[in-house]
Amino acid sequence: MVIPIYDNDPLEKSHRAYVTFVLIALNIAIFVVQDAASDYTSTLLLVNFALFPVALSGEAVTGGFMPPSFSLLTYMFLHGGWMHVLLNMLFLWVFADNIEDALGRGRFLAFYLLCGMAGGAAHALAAPQSNVPLVGASGAIAGVIAAYLMIRPCAKITVLIFGFIPVKLASYWVLGIWILTQVWHVFSLEKSDTAWWAHVGGLVAGAALITVMRPAGVRLFECVRPEDVIITAEQPSGGPWSPPR
């Protein structure tokens, strides 16, 4: 298992990723409420705010007071356990601030929610008769990962290999392998509790949305490393080939 813990992004302009911080805090706060709730309250939360594909397709009703389509937005703020929420928030912490930095706060929030909704829709389309509730921010985070790979392909990411060995790798290795793994799981015949189609739906949405939502100055697949920025910063104003004055 590869766990990202830090990234070195040479193009990051600001560390005030307020939307990212609020999303992390909100997800954790909601899970604390879930975890402390009674069985009855937990069931009410799932029935009203988790995504049930069978309810979206209209083949059954869950009995909740919220319309099924609303769950495309709310499901991403519920989680199935502490490991689930903490791993998702770790990915959000490492990668989302860079996308917020590139897009701006308002655009990033819209980007995040749209990726999550696309992930939920992909899951529901893949299994329209499923009555298993879908929860988790993985679809939205998959969109963030796709965007990160497209705008920061050479940023260095520190990851833990096997959970305890720190290694620094380029993002195209770390995230590229992660993306290929999600696609492989979708087309494999194995049974799993993980909503792989939600991940793929978020990935596709993230790749499409970063292309159209990015500001004019944000380039795609620009391979800038930390050492490149340091060299540029140390160059005299006239350029490396300016004659002495």
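Before reading on, note that the structure itself is shown above.
Residues numbered from 1 in each chain as written. Predicted model: local features only at pLDDT ≥ 70, side-chain atom pairs only at ≥ 80, totals over all residues. Heavy atoms only, no water.

Residue-level account of the pattern of salt bridges, with values.
In this structure the tally under the stated criterion is 2 salt bridges. A salt bridge links Glu 100 to Arg 105, with the shortest nitrogen-to-oxygen separation between them at 3.8 Å. Accessibility expressed as a relative area gives 4% for Glu 100, which makes it buried. For Arg 105, a relative accessible area of 41% gives the class partly exposed. Where Arg 219 meets Glu 222, a salt bridge forms, and the shortest distance between an N and an O atom there is 3.4 Å. Residue class for Arg 219 comes out exposed when judged on its relative accessible area of 56%. Overall, the relative accessible area of 29% leaves Glu 222 in the partly exposed class. (Salt bridge = Lys/Arg side-chain N within 4 Å of Asp/Glu carboxyl O. Buried < 20%, exposed > 50% of the residue type's maximum accessible area, 1.4 Å probe, protein only.)

Just give me the short version of the state of the cysteines, but keep the residues and values in it.
A complete count under the given rule lists 1 disulfide for this structure. Here Cys 154 engages in a disulfide with Cys 223; their sulfurs sit 1.6 Å apart. Across the S-S bond linking Cys 154 and Cys 223, the dihedral sits near -95 degrees, which makes this disulfide left-handed. Of this pair, Cys 154 sits in the loop between helix H7 (138-151) and strand E2 (156-161) while Cys 223 sits in the loop between helix H9 (196-213) and helix H10 (226-234); the two residues are 69 residues apart in sequence, bridging distant segments of the chain. Relative accessible area serves as the criterion here: at 5%, Cys 154 is assigned to the buried category. (Disulfide = S-S within 2.5 Å. Helix = DSSP H or I, 4+ residues; strand = E, 2+ residues; numbered from the N terminus.)

Purely geometric stuff here, so don't read any function into it on its own.
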